[in-house]
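The residues making up each chain are set out below.
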Amino acid sequence: LAANVYLDVTSEHGDLVIYDKFWTPDDERYRFKNRFGYDDATVRGQSCEVIKPTSGSMVLFNSRFFHRVEATWQRRLTYSFFCALHDGNVIHWS
């Protein structure tokens, strides 16, 4: 799971968009070669949920779903990390 803890959100921008599409190896054909991310064609036509962050909130989601954060040009402080079960223990990393 991915976790975003929104410590200070001062912008109306920076929405988290989570698409109803899991990553598959076939999606690698859409990966950008010289920068991070995937072409929009990867999720074209897929439904999505748009989450508007607020200060003090936390969002947990399956990071295998394609997702993105809308651009913002204002200050925003977010703590993001991943967690999983491994050998019966909860582990986390960032």
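So, a few notes on the structure that sits alongside this text. Treat the numbers as computed from the prediction; the structure is a model and nothing was measured.

Notes on a nonpolar patch on the surface
Where nonpolar side chains cluster on the molecular surface, the patch consists of Leu-1, Met-58 and Leu-60 and spans about 310 Å² of accessible area. For Leu-60, the location among the structural elements is in strand β4 (residues 58–61).

Notes on the sheet that holds strand β5 (residues 65–69)
With antiparallel pairing, the three strands of this open sheet are ordered in space as β3-β2-β5. Here the strands that pair on one side only, and so sit at the sheet edges, are β3 (48–51) and β5. Each strand axis lies, on average, 20 degrees off the axis of its neighbour in the sheet, ignoring direction.

Brief notes about the side chain of Asp-15
For Asp-15, the position within the fold is in the loop between β1 (2–9) and β2 (16–22). Setting aside its immediate chain neighbours within four residues, Asp-15 contacts Val-50, Ile-51, Lys-52, Pro-53, Arg-68, Val-69 and Glu-70.

Side note on the pattern of salt bridges
Within the structure shown, the criterion is met by six salt bridges. For Arg-29, the salt bridge identified is with Asp-26, shortest N-O distance 3.4 Å. Judged by its relative accessible area of 55%, Arg-29 is exposed. Two residues, Glu-28 and Arg-31, come together in a salt bridge whose shortest N-O distance is 2.7 Å. Judged by relative accessible area, which is 27%, Glu-28 ranks as partly exposed.

Re the layout of surface pockets
A volume near 540 Å³ is recorded for the largest pocket. Around the largest pocket, the lining is made up of 19 residues, and of these Phe-36, Gly-37, Tyr-38, His-67 and Arg-68 lie nearest the centre. Here the lining of the largest pocket gets five residues from one element, more than from any other, and that element is β5. Grouping the amino acids of the lining of the largest pocket by side-chain chemistry returns nine nonpolar, four polar and six charged. Taken as a whole, the second largest pocket holds about 180 Å³ of empty space. Every residue lining the second largest pocket is counted, 15 residues in all, and those nearest its centre are Ala-3, Asn-4, Phe-61, Val-69 and Ser-80. Secondary structure elements with two or more residues in the lining of the second largest pocket: β1, β5 and β6 (76–86). Ranked by residue count, the leading element in the lining of the second largest pocket is β6, at five residues. Residues belonging to the lining of the second largest pocket are distributed by class as follows: eight nonpolar, six polar and one charged.

Criteria and cut-off values
Residues numbered from 1 in each chain as written. Predicted model: local features only at pLDDT ≥ 70, side-chain atom pairs only at ≥ 80, totals over all residues. Heavy atoms only, no water. Patch = residues over 30% accessible without salt bridge, like charges linked within 9 Å, V, L, I, M, F, W, Y side chains within 5 Å. Areas by Shrake-Rupley, 256 points an atom, 1.4 Å probe, with all protein chains shown as cover. Salt bridge = Lys/Arg side-chain N within 4 Å of Asp/Glu carboxyl O. Helix = DSSP H or I, 4+ residues; strand = E, 2+ residues; numbered from the N terminus. Pairing = 2+ DSSP bridges. Axes fitted to C-alpha atoms, helices over the stretch in contact; angles between N-to-C directions. Contact = heavy atoms within 4.5 Å. Buried < 20%, exposed > 50% of the residue type's maximum accessible area, 1.4 Å probe, protein only. 1 Å grid on protein atoms, 1.4 Å probe; cavity = no way out; pocket = protein on both sides within 12 Å on 5 of 7 lines; lining within 4 Å. Points joined across faces, edges and corners; volume = space filled by probe spheres on them. Nonpolar A, V, L, I, M, F, W, Y, C, P; charged D, E, K, R; others polar.

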